[in-house]
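Here is what each chain is made of, one letter per residue.
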Amino acid sequence: MEEAIESSLKEWQKIEPPEEFVKKANMNDPDIYDMAEKDYERFWEGIAENIDWYSKWKSVLEWEPPHARWFIEGKLNASYNCLDRHIDSRGDKTAIIWEGEKGDIRKYTYRQLLDATSRFANSLKDMGVKKGDIVTIYLPMIPEAVIAMLACARIGAPHSVVFAGFSADALAQRIENSRSKFLITCDGYLRRGKEIPHKKRADEGVSRVDTVDKVIVVRHTGSDVPMSKQRDVWWHEVMDSASTGCDPEIMDSEDMLFLMYTSGTTGKPKGVVHTTGGYMVGTHITTNWVFDIKEDDIYWCTADVGWITGHSYIVYGPLSNGATILIYEGAPDYPERDRFWDIVERHKVTIFYTAPTAIRAFMRWGEDIPAKHDLSTLRLLGTVGEPINPRAWLWYYENIGNKRCPVVDTWWQTETGMIMITPLPGITPLKPGSATRPFPGIKAKVLDDEGNEVSQGHGGYLALTRPWPSMIRTVYKNEQRFIDTYWSKWDIDTYMSEDGARRDEDSYFWILGRVDDVIKVAGHRLGTMEIESTLVSHPEVAEAAVVGKKDEVKGEVIVAYVTLAERISESDNLMSDLVDHVADEIGPIARPAHIFFTDELPKTRSGKIMRRILKSIADGEDVGDITTLQNPEIVEELKRKVDESG
Ligand code: 6R9
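Treat the numbers as computed from the prediction; the structure is a model and nothing was measured.

Reading guide: rules and limits
Residues numbered from 1 in each chain as written. Predicted model: local features only at pLDDT ≥ 70, side-chain atom pairs only at ≥ 80, totals over all residues. Heavy atoms only, no water. Near = heavy atom within 4 Å. Polar contact = N/O pair within 3.5 Å; in protein donor to acceptor, adjacent residues only side chain to side chain. Areas by Shrake-Rupley, 256 points an atom, 1.4 Å probe, with all protein chains shown as cover. Pairing = 2+ DSSP bridges. Helix = DSSP H or I, 4+ residues; strand = E, 2+ residues; numbered from the N terminus. Axes fitted to C-alpha atoms, helices over the stretch in contact; angles between N-to-C directions. Contact = heavy atoms within 4.5 Å. Buried < 20%, exposed > 50% of the residue type's maximum accessible area, 1.4 Å probe, protein only. Arc of directions from axis to C-beta. Domains from an automatic or database assignment. Buried area = accessible area lost by both parts, 1.4 Å probe. Parallel < 35°, antiparallel > 145°, perpendicular 65-115°, else oblique. Nonpolar A, V, L, I, M, F, W, Y, C, P; charged D, E, K, R; others polar. UniProt positions renumbered as here; feature names shortened; annotations may be inferred.

**A look at the site of the ligand**
The full set close to the ligand counts 17 residues, and Asp 409, Thr 414, Asp 499, Lys 520 and Arg 525 are the nearest of them. For the ligand, an oxygen atom lies 2.9 Å from a polar atom in the side chain of Gln 413. Between an oxygen atom of the ligand and a side-chain N or O atom of Arg 514, the distance comes to 2.8 Å. Protein chains shield 97% of the accessible area of the ligand, which is 530 Å² for the free molecule.

**Considering the sheet that holds strand E7 (residues 159-161)**
Spatially, seven strands are ordered E12-E11-E8-E6-E7-E14-E15 in an open sheet, and the strand pairing comes out mixed. Of all strands in the sheet, those with a lone pairing partner are strand E12 (232-234) and strand E15 (270-275), marking the two edges. Each strand of the sheet is rotated relative to its neighbour by a mean of 25 degrees, with strand direction disregarded. Across the sheet, helix H12 (residues 276-290) is in contact with strand E14 (256-262) and E15; its angle to E14 comes to roughly 75 degrees.

**Details of helix H4 (residues 40-48)**
The periodicity of an α-helix, 3.6 residues per turn, causes residues three or four positions apart to be oriented the same way. Three or more residues of H4 are buried, namely Tyr 40, Phe 43, Trp 44, Ile 47 and Ala 48. The arc that holds the buried residues of H4, viewed along the axis, is 140 degrees, so those residues lie on one side. Along its buried surface, H4 packs onto helix H3 (32-38), strand E1 (59-64), strand E2 (67-72) and H12. Put simply, Asp 39 is the residue that caps the front of H4, since its side-chain oxygen is 3.2 Å from the backbone nitrogen of Glu 41.

**Section: the domain arrangement of the protein**
Domain boundaries assigned for the protein yield domain 1 (19-441) and domain 2 (522-645). Summarising the inter-unit geometry, the C-alpha centres of domain 1 and domain 2 are found 34 Å apart. Contact with domain 1, which involves 24 residues of that partner, is made by 20 residues of domain 2. Taking both sides of the interface into account, the surface hidden between domain 1 and domain 2 amounts to around 1,600 Å²; carbon and sulfur atoms contribute 48%. Of all residues in domain 1, the largest losses of buried area upon contact with domain 2 belong to Ser 263, Trp 307 and Thr 357, amounting jointly to 28% of the total for that side.

**What to know about the packing of helix H15 (residues 356-365) against helix H17 (residues 390-400)**
H17 packs onto H15 with a crossing angle of 70 degrees between their chain directions and a minimal axis gap of 10 Å. It follows that H15 is roughly perpendicular to H17 by the angle criterion. Where H15 abuts H17, its residues Ile 359, Arg 360, Phe 362 and Met 363 lie against Arg 391, Ala 392, Trp 395 and Tyr 396. Residues belonging to the contact of H15 with H17 are distributed by class as follows: six nonpolar, no polar and two charged.

**Topic: the UniProt feature "binding site: ATP" (unreviewed entry) in the protein**
Feature annotation in UniProt places "binding site: ATP" (unreviewed entry) on Gly 385, Glu 386, Pro 387, Asp 409, Thr 410, Trp 411, Trp 412, Gln 413, Thr 414, Asp 499, Arg 514 and Arg 525, given in this structure's numbering. By secondary structure assignment, the location of Trp 412 is in the loop between strand E20 (407-409) and strand E21 (444-447). Given a relative accessible area of 8%, Trp 412 falls into the buried group. A distance of 3.2 Å separates the side chain of Trp 412 from the side chain of Tyr 353, its partner in a polar contact. Look past the residues within four positions of Thr 414 in its chain and what remains in contact with it is Met 260, Thr 262, Val 272, His 274, Ile 308 and Arg 525.

Shown next as structure tokens:
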């Protein structure tokens, strides 16, 4: 098996797009790249015609690095673009197919989705939500999450969606930073058949802040939940009394559409600000060209709406294209490991977008599982979230796509808003493991520390050297952090992605992963600092260092090295306490896979913890030069501990 894959790796070095696919592809003109290159502002101006505007922009771009403003003075509404403009031609077309973990199915046509969105928009207004107010959405994967987002967009209230798997504390932190007065949540939701008491968590979060006036609760599982008299209202009750029809607010191109908190190098997550015009233009066109969305496609992106992928490629990109999207609430292995393929078969999914970590899990479960299902409706596959190893790529291509479906490996970030480096399936020859080349109009380079382009085959930092419509506008209430994080490594007009990359002989990009203290656990972005601060907040912990350890399925898992406070001795109980503490404070995804107690952490003479060394120890790799440490002897001791733990 291993050998077969390795040999096909060579054989399959470049996979040309299938002729049939090319013929029908939404974008199949290779000259598009040159055209965009000639004058990228003109290119984006043409692309912006795909969005409906109340009034057109006066100029395309104002670029005062690092601040870009796109489609100046253009007026539009994102929810109008996702709903109203489809009603004449697609009013009765299915917009959302939702499947719950228990197998219950709900569908919304575009007309029904518009109706629900308008009603909910009116409910928000009735409750006092005004244009510019930030509304926090803390919901699992249910249609109400999409409706709530679109309703906010409709009335010009930026949403801040918090991943439902995050803890009360993480929720509180985000509400606090955005000073949000409104929260939308639900009673509970199912995960592997077990009910998660979501409202309880939301209540805990709200109790830790002093901003929230109103909580709107979706009845999803039907379980009893305490409702606070003044503060809490049921979604269905406000919807019943809300009036229908709600005129979309006319928004400026540069008005904030949403805030999305994401992890970075320092402890606190940062609020990435996205605005309306450029974001809609960017997500619309990438959905159209990269996923080749057609009228009769059934499109399924398995991400959660709580992450940027859910925002751009479940909600705004696909719905602005009038697509039918599928949303599944539950786990991929519930009740059985074929759940995804069962869904693909039953709903006749044609386009499927998921993360490498999921693909590696499927691979491990074996090809017999997808083979039991008819996957012949699939015509395009995508991946996102972390580098995909060529073996996993090929497994996906062969076992899910039956060698018929192009696989688009799409590199982008919360901050970029839209897909940046990707094949165009009707044009680009594919190479397993490579995200191939920048989307038309995007300029990416691989730079060294001094900002020089590195030569072919060598690793460097992935940089973006030209503005793009859906780029991050600032870090909410922290302009300095925006500049320091992204625009200070080289010249002020060059964006630092914090990813390593190299280019090959065809100038294809190969993403090497993060170069900062961000780790990706099963595709979820987490800051090691966030986890360290949480560990240190435990009364028995003195110091902690967290690194990502390579993992075959999850990409990385969390390893924590912990020094205990004076007179506290290590024990298995304390270890599991600490693991639970992190899960409670951040969420189960941040749960350390291993904790090692140590009397000291390896430090430089100036006292900096050497995480690089700790990572090599965790990965069982050579630690390299340790002569600059003040305590080199600790390295051997830690190596022994890690070895012994197996
Ligand atoms: C969309 C998303 C961003 C980080 C990014 C990089 C990694 C995303 C990738 C990829 C290799 C790909 N990443 N796509 N690495 N190949 N196709 O995931 O946003 O959660 O902000 O994470 O994810 O490291 O810097 P976000």
